[in-house]
Amino acid sequence: MANVTDLQTKYSKLAQEYSKLRAQNQVLKKGVVDEQANSASLKEQLKQRDQSLRKQEQEMDSLSFRNQQLAKRVELLQEELATSEAKGKKGKSKGDSPSQHGLQTQSVFNEDLQKKIEENERLHIQFYEADELHKRQEADLKARLGVLEKDTDQHQAVVDGLTTKYMETIERLQSDKARLEVKAQTLEREAKECRMRTEECQQQLRRCQSDLNRQVKQSSSVIQEKVPFNDTKFSDYNSLNVPPHNRRHQLKARDVAGQALGFIQDLVAALLNFHSYTEQRVHIYPLDSSIEPISPLNQKFSQYLHENAAYVRPLEDSFLQLHQSITEDTVTVLETVVKLKSFADNFTTYTHFLQKILPYQLKSLEEECEAPLCTPALTAKNHELQSDMKRVTSMFEKLQSYINLLALPSVRQDALPQSSTSAVFTQLAACLHSLHDAIKEMSKHYNQKASLEQELPTVTQKLCTTTECLLGSLGCLTSSTGKIATFFSNNLDFFTSPGYSPRGSTVALNPLQAESMLANKKRAAAYMQATKKPRPQSVPYRDALSNRRVLTSSTESREGLTQQVHQSQEKIARLEQEKEHWLLEAQLGKVRLEKENQRIADLEAQLAAALGGSPNSRTAAAASMLTESHEEEETEQRAAGRETTLCTSLVGMLCTTPSIEHVGDEESREQLIKTHYMARVGELTTQLQISDSKAVHFHSECRALAKRLAIAEKSRETLSEEVKQANQNISRLQDELATTKRSYEDQLSMMSDHLCSMNETLSKQREEIDTLKLGSKGNAKKNKGR
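Remember, predicted model here, so these are calculated numbers, not experimental data.

J.: Break down the overall build of the protein chain for me, citing the residues and quoting the values.
T.: Broken down by element type, the protein chain carries 14 helices and two strands. Burial analysis of the protein chain (786 residues in total) assigns 26% to the buried set. In the protein chain, the share of contacts with a sequence separation of at least 24, taken over all contacts with a separation of at least 6, comes to 85%. As displayed, the protein chain has an accessible area near 53000 Å², and 55% of this comes from carbon and sulfur atoms.

Structural data, given as structure tokens:
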């Protein structure tokens, strides 16, 4: 069973790791999908930018071509201008007024042409700057796209590795699950067999108890009427004043002590974790010891907390010794349980430790309130925690006083009257419930404080982890104290009931009476063992012959009955194996029976008609043969002159032939049967003890399963919290993605507007250049006409 529990713990740990890795895998998958979407959008943007760049290059080529044409046109115009000037110089003799007019128009055209050339140069510069800016943006986007592609490849590799790891883990978990299911099935079959055997043993035990009660009543009546046991010299050791040994009380006490030991171990583990994580928190908050030194008060507090194991571990060790001292062969009352005093002393030591560290706890909380970033809500929670710690310490002090009271009778006689014991136990149960309520309230306030601390801007991951561990230890401490309080309340009747008390008095049992009771138990056991051994003695010859005859007949009947028992056991085992097979066959037979009912009825009618007269003749022949055999037996008995007697009992049937000489055979046979029954009662008692131990074992397994269920519930709650945090992160990332997308769209719209304005300016320049060309052609024609 230990291997099964180890496998189940490993399976639960693997399941928790698998769930965590699965959640991480989902987050990575979402991140990969988002990055793929971002890379796709960036690729689309890059394509659009390439298209726009090509368009701009085409426009630039067209503009450069147009510019060359304009330059050639300007050269032609300059040449025409030069020719016109030469002609003007020749025609100066003809007249001055037309030449002056031509010069004025030529100067106007030159100024306009110079302005257009400057504007064209400025536009070229702007276009070159826009082209350079576009090339830089394109290079940045390509570099970012490469980085995103590398990140995508890395994420994909991580996802593939995690997928393979998850598949291996799933296969291993499935194989472990199949193996555990097979073991569970075998254990269920064993449990069913044990329950059946237990029921059989209980039935046999009831029968034996009824017989033994009847015998005890007869024996007690005989003892009361004929056998007086009155010790007139030592009245304290009178048999009527010494109580009998109560085996059931001892078994119950050992079971209760075992359950209490499990709860004490859980409590000790929770207290160790609580003190250790409190020490870690003191080193982290409000000042981190790795960055700057903490206050001397917290240093002293941390030193005391570091010594908690020296005060907590002895509680478990002393209670383990107490559990080991309670056995079946001892007497368990408050006056004889000596180990309870050591547990009370260790509990007193731990209570003093709590009283010693209480002021440091309160001062540490006050230092947290004095921190610069402490909010009023956090200060209120710290004050509530101070009151909770004072209440918990006071509850431990009350528990210490009650446990010391219960440990006094084992040290000093008549220290605690019998009437006050039940009151002490009742107050102890109420104090345990109050302790559970106080720790539960402290855990609730600590949870609220942790949620408030997570909202602070200076909180670190180390502090969050330590706080979570501290909250987990408080949860374990709350559950363990609740279990102890419930366990004590459920067994309060057992604690308050007097297990042993002298007959006819209400005085508690003292150690001397306990020793005498154990001595009487040992003497009774030795006497019962001695009575089972036959004592050799001289027997007359005639008595020996009669005893031999009775012994022979009893041995034969015993051997026959033993063979019948073995055959019955083998038959029962074979029938149990065939039971399941025949159940399936019965179901199939029911189906077949519905189909074959009509045909079988017809066949039975035909068979009854065909064999109508044969049974009567056969029965008549059998009856005649039986009468003949009876007559022959009667004649033989008459000839022998003997008379047989058939004796039946619980053991079986025995045919005896009593004679006048041997009348005491029946009494000796009854004595042998009685010894056989006593041996059988011992065997049944042993089987009952085995079944009780198995029932206790199954009960402990059920408790372990309940603990695992509670752990699984806690893990489910933590996983739900992680899922909530993951959803919050996803929403935050979606918001960031929307903002980045919006910014990119705004940038694209601005770029498109800028390109539109550039196109408009280029179109205006083209129109102006066309108008200048037309104007220059008109002027040239006019000059030619002149």
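J.: Lay out the pattern of salt bridges in plain terms, naming residues and giving numbers.
T.: According to the stated counting rule, one finds 17 salt bridges in the structure shown. With a closest N to O distance of 2.6 Å, R179 and D176 form a salt bridge. Of this pair, R179 and D176 both sit in helix α2 (residues 97-226), three residues apart, which is roughly one turn of that helix. Put simply, R281, E368, K449 and E453 are held in one network by salt bridges that share partners.

J.: An account of the packing of helix α4 (residues 296-306) against helix α6 (residues 339-369) is requested, with residue identities and associated values reported.
T.: Where α4 meets α6, the closest approach of the two axes is 10 Å, and the angle between their N-to-C directions is 145°. As for how α4 packs across α6, the hand of that crossing is left-handed. Here α4 contributes L297, N298, K300, F301, Y304 and L305 to the contact with α6, which in turn contributes F353, K356, I357, Y360, Q361, K363, S364 and E367. Its residues assigned to classes, the contact of α4 with α6 comprises seven nonpolar, three polar and four charged.

J.: Please provide a residue-by-residue account of the packing of helix α5 (residues 309-325) against α6, values included.
T.: Relative orientation of the contacting elements α5 and α6 amounts to 165°, with a least axis distance of 9 Å. Compared by their axis directions, α5 and α6 come out roughly antiparallel. In this structure, α5 crosses over α6, and the sense of that crossing is left-handed. From α5, Y311, V312, P314, L315, S318, F319, Q321, L322 and S325 reach across to α6, where they touch K339, L340, S342, F343, N346, F347, T349, Y350, F353 and K356.

J.: Residues and numbers for a negative patch on the surface, please.
T.: Negative charge collects at one region of the surface, where E190, E193, E199, E200 and E576 lie side by side. Among the elements that line the negative patch, the one with the most residues is α2, at four residues.

J.: Account for the confidence of the model for the protein chain, with residues named and values stated.
T.: Per-residue confidence for the protein chain gives a mean pLDDT of 76, with 76% of residues at or over 70. By mean pLDDT, helix α13 (residues 614-640) is the weakest element of the protein chain at 43, and helix α9 (residues 461-490) is the strongest at 89. Low pLDDT, under 50, characterises residues 503-507; the predicted model gives this stretch eight contacts beyond four residues in sequence or across chains. Within the model, pLDDT remains below 50 along residues 613-663, and this stretch shows 32 contacts once partners closer than five positions in the same chain are excluded.

J.: Residue-level account of the nonpolar core, with values.
T.: Soluble globular proteins tend to pack their nonpolar side chains together in the buried interior. Counting residues in each nonpolar core, the largest one holds 70 residues, and the members touching the most others are L340 and Y350. For this core, the elements supplying multiple residues, two or more each, are α3 (247-284), α4, α5, α6, α7 (376-407), α8 (418-454), α9 and α10 (492-496). Ranked by residues supplied to this core, first place goes to α3 with 14 residues. Residues I284, A371, L378 and L456 belong to the second largest nonpolar core, which totals seven residues.

J.: An account of the packing of aromatic side chains is requested, with residue identities and associated values reported.
T.: Aromatic ring pairs are defined here through the distance separating the ring centres and the angle between the ring planes. Throughout the structure, instances matching the rule amount to ten aromatic pairs. Between the aromatic rings of Y304 and Y360, the centroid separation amounts to 5.3 Å while the plane-to-plane angle is 70°, which identifies the pairing as edge-to-face. Separated by 56 residues along the polypeptide, Y304 in helix α4 and Y360 in helix α6 bring together distant segments of the chain. With a centroid separation of 5.7 Å and 75° between ring planes, the pair formed by Y350 and F396 is classed as edge-to-face.

J.: A description of the environment of R313 should follow, citing residues and the corresponding values.
T.: Along the chain, the position of R313 falls in helix α5. Accessibility expressed as a relative area gives 43% for R313, which makes it partly exposed.

J.: Outline the side chain of H275, supporting the account with residue identities and numerical values.
T.: By secondary structure assignment, the location of H275 is in helix α3. When its relative accessible area of 2% is taken as the criterion, H275 is described as buried. Dropping the residues within four chain positions of it, H275 is found in contact with L305, N308, V312, Y350, F353, L354 and I357.

J.: Give a detailed account of the side chain of T169, specifying residues and quantitative values.
T.: Secondary-structure assignment places T169 in helix α2. Among the polar contacts listed, one links the side chain of T169 to the backbone oxygen of K165, at a separation of 2.8 Å.

J.: How would you summarise the environment of E468 if you had to cite specific residues and measurements?
T.: Along the chain, the position of E468 falls in helix α9. Owing to a relative accessible area of 51%, E468 belongs among the exposed residues under this scheme. E468 sits 18 residues away from A450 along the chain, and the two C-alpha atoms are 8.2 Å apart.

Parameters at a glance
Residues numbered from 1 in each chain as written. Predicted model: local features only at pLDDT ≥ 70, side-chain atom pairs only at ≥ 80, totals over all residues. Heavy atoms only, no water. Helix = DSSP H or I, 4+ residues; strand = E, 2+ residues; numbered from the N terminus. Buried < 20%, exposed > 50% of the residue type's maximum accessible area, 1.4 Å probe, protein only. Contact = heavy atoms within 4.5 Å. Areas by Shrake-Rupley, 256 points an atom, 1.4 Å probe, with all protein chains shown as cover. Salt bridge = Lys/Arg side-chain N within 4 Å of Asp/Glu carboxyl O. Axes fitted to C-alpha atoms, helices over the stretch in contact; angles between N-to-C directions. Left-handed = near helix turned anticlockwise from the far one by under 90°. Nonpolar A, V, L, I, M, F, W, Y, C, P; charged D, E, K, R; others polar. Parallel < 35°, antiparallel > 145°, perpendicular 65-115°, else oblique. Patch = residues over 30% accessible without salt bridge, like charges linked within 9 Å, V, L, I, M, F, W, Y side chains within 5 Å. Lys, Arg positive; Asp, Glu negative; His and termini not counted. Charge placed at Lys NZ, Arg CZ, Asp CG, Glu CD. pLDDT = per-residue confidence, 0-100. Core = buried A, V, L, I, M, F, W, Y, C linked by side-chain atoms within 4.5 Å. Phe/Tyr/Trp six-rings, centres within 6.5 Å; stacked < 30°, edge-to-face > 60°. Polar contact = N/O pair within 3.5 Å; in protein donor to acceptor, adjacent residues only side chain to side chain.

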